[in-house]
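What the coordinates show
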Amino acid sequence: MTGYAAVLLAGGAARRMGGMDKPARPVGGRPMLHRVLAAVADASERVVVGPPGPVPAGVRVTREDPPGGGPVAATAAGLAQLRSDPPTVALLAADLPLLTAAAVAELRHALDGSVDGLACYVDGDGRRQQLCGVWRLPALRTALDRLAASRGGTVDGAPVRGLLAATTVREVAWSGAGAPPWFDCDTDEDVRRAEEWTT
């Protein structure tokens, strides 16, 4: 497979957790953000979009404009930080504590060949997990430009599903063993479940 970059979205309000810094919350003894960063340790570039906080060396941190502008605005801010032009980019929520390097590799493999869009996991109910996916970088930039044009030049507050209009999506069913890599932690109960899977 060719090289890739990773953009992690860490700026959510975490209302169901009382507004805490959710990606910093530990699961299995490590902050969720650091667990996701470890899953993409082989990326040529790693960018975290969210409030500044401790990250490993070589990881860049930025904020969306305006802060709190949502995941699409955060995606645009993350892409703006890339210093190279990798063929693909993993676009990931920062609260996926069960994500693994193998799960990211499976998505990257799914893009090999003719797919010029997004490869993302689908859960057992067939729901696309758009923030657990890998994009062709040109396709993601085109989707951002198209969405901004439809919204008067801004993606502030735009929903992630808006990026998928006219985008080719390859849906990937998780074939590995263990917990689903797209499992995100929105509540205290989610964190407890994730802890059980990591023990």
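The model shown is predicted, which means the values in this text are computed figures rather than measured ones. (Residues numbered from 1 in each chain as written. Predicted model: local features only at pLDDT ≥ 70, side-chain atom pairs only at ≥ 80, totals over all residues. Heavy atoms only, no water.)

All right, on to the overall build of the chain then. What the chain contains, in helices and strands, is five helices and nine strands. Helices and strands in the chain line up, N terminus first, as β-β-β-α-β-β-α-β-α-β-β-α-β-α. At 16 Å, the chain has a C-alpha radius of gyration in line with the 16 Å of a compact globule built from 199 residues. When its C-alpha atoms are laid out on the principal axes, the chain stretches across 45 × 35 × 35 Å. Buried residues in the chain amount to 49% of all 199 residues. Contacts in the chain between residues far apart in sequence, at least 24 positions, make up 66% of those at least 6 positions apart. For the chain, the computed accessible surface area is about 9000 Å², with 50% contributed by carbon and sulfur atoms. Taken together, the 21 basic and 22 acidic charged side chains of the chain have centroids lying 2 Å from each other. (Helix = DSSP H or I, 4+ residues; strand = E, 2+ residues; numbered from the N terminus. Rg over C-alpha atoms; globule rule 2.2 N^0.38 Å. Buried < 20%, exposed > 50% of the residue type's maximum accessible area, 1.4 Å probe, protein only. Contact = heavy atoms within 4.5 Å. Areas by Shrake-Rupley, 256 points an atom, 1.4 Å probe, with all protein chains shown as cover. Lys, Arg positive; Asp, Glu negative; His and termini not counted. Charge placed at Lys NZ, Arg CZ, Asp CG, Glu CD.)

As a packed pair, helix α2 (residues 71-80) and helix α4 (residues 137-150) sit with axes 11 Å apart at the nearest point and diverge in direction by 130 degrees. Taken as axis vectors, α2 and α4 run oblique relative to one another. Of the two possible hands of crossing, α2 and α4 adopt the one that is left-handed. In contact with Val 72, Thr 75, Ala 76 and Leu 79 of α2, α4 contributes Leu 137, Leu 140, Arg 141, Leu 144 and Leu 147. Looking at side-chain class alone, the contact of α2 with α4 contains seven nonpolar, one polar and one charged residues. (Axes fitted to C-alpha atoms, helices over the stretch in contact; angles between N-to-C directions. Parallel < 35°, antiparallel > 145°, perpendicular 65-115°, else oblique. Left-handed = near helix turned anticlockwise from the far one by under 90°. Nonpolar A, V, L, I, M, F, W, Y, C, P; charged D, E, K, R; others polar.)

Time to look at α2. The buried count for α2 comes to seven of ten residues, which makes it a mostly enclosed element. Taken residue by residue, α2 has Val 72, Ala 73, Ala 74, Thr 75, Ala 77, Gly 78 and Leu 79 as its buried positions.

The next subject is the pattern of salt bridges. Under the criterion given, the structure shown has eleven salt bridges. Between Asp 85 and Arg 141 there is a salt bridge, and its shortest N-O distance comes to 3.0 Å. Here Asp 85, found in the loop between α2 and β6 (88-93), pairs with Arg 141, found in helix α4; they are 56 residues apart in sequence, far enough to count as distant. The class of Asp 85 is exposed, set by a relative accessible area of 58%. Members of the salt-bridge network, linked through shared partners, are Lys 22, Asp 95 and Asp 186. (Salt bridge = Lys/Arg side-chain N within 4 Å of Asp/Glu carboxyl O.)

Take the sheet that holds strand β8 (residues 128-136) next. One open sheet holds the seven strands; their spatial order is β5-β4-β1-β6-β8-β7-β9, and the pairing between them is mixed. Whereas interior strands pair on both sides, the edge strands pair on one side only; in this sheet they are β5 (60-62) and β9 (169-173). Across the sheet, the mean angle separating the axes of adjacent strands is 25 degrees when strand polarity is ignored. As paired strands, strand β7 (residues 118-122) and β9 are joined by five bridges and run parallel to one another. Paired with Ala 119 across the strands is Arg 170, a residue of β9. (Pairing = 2+ DSSP bridges.)

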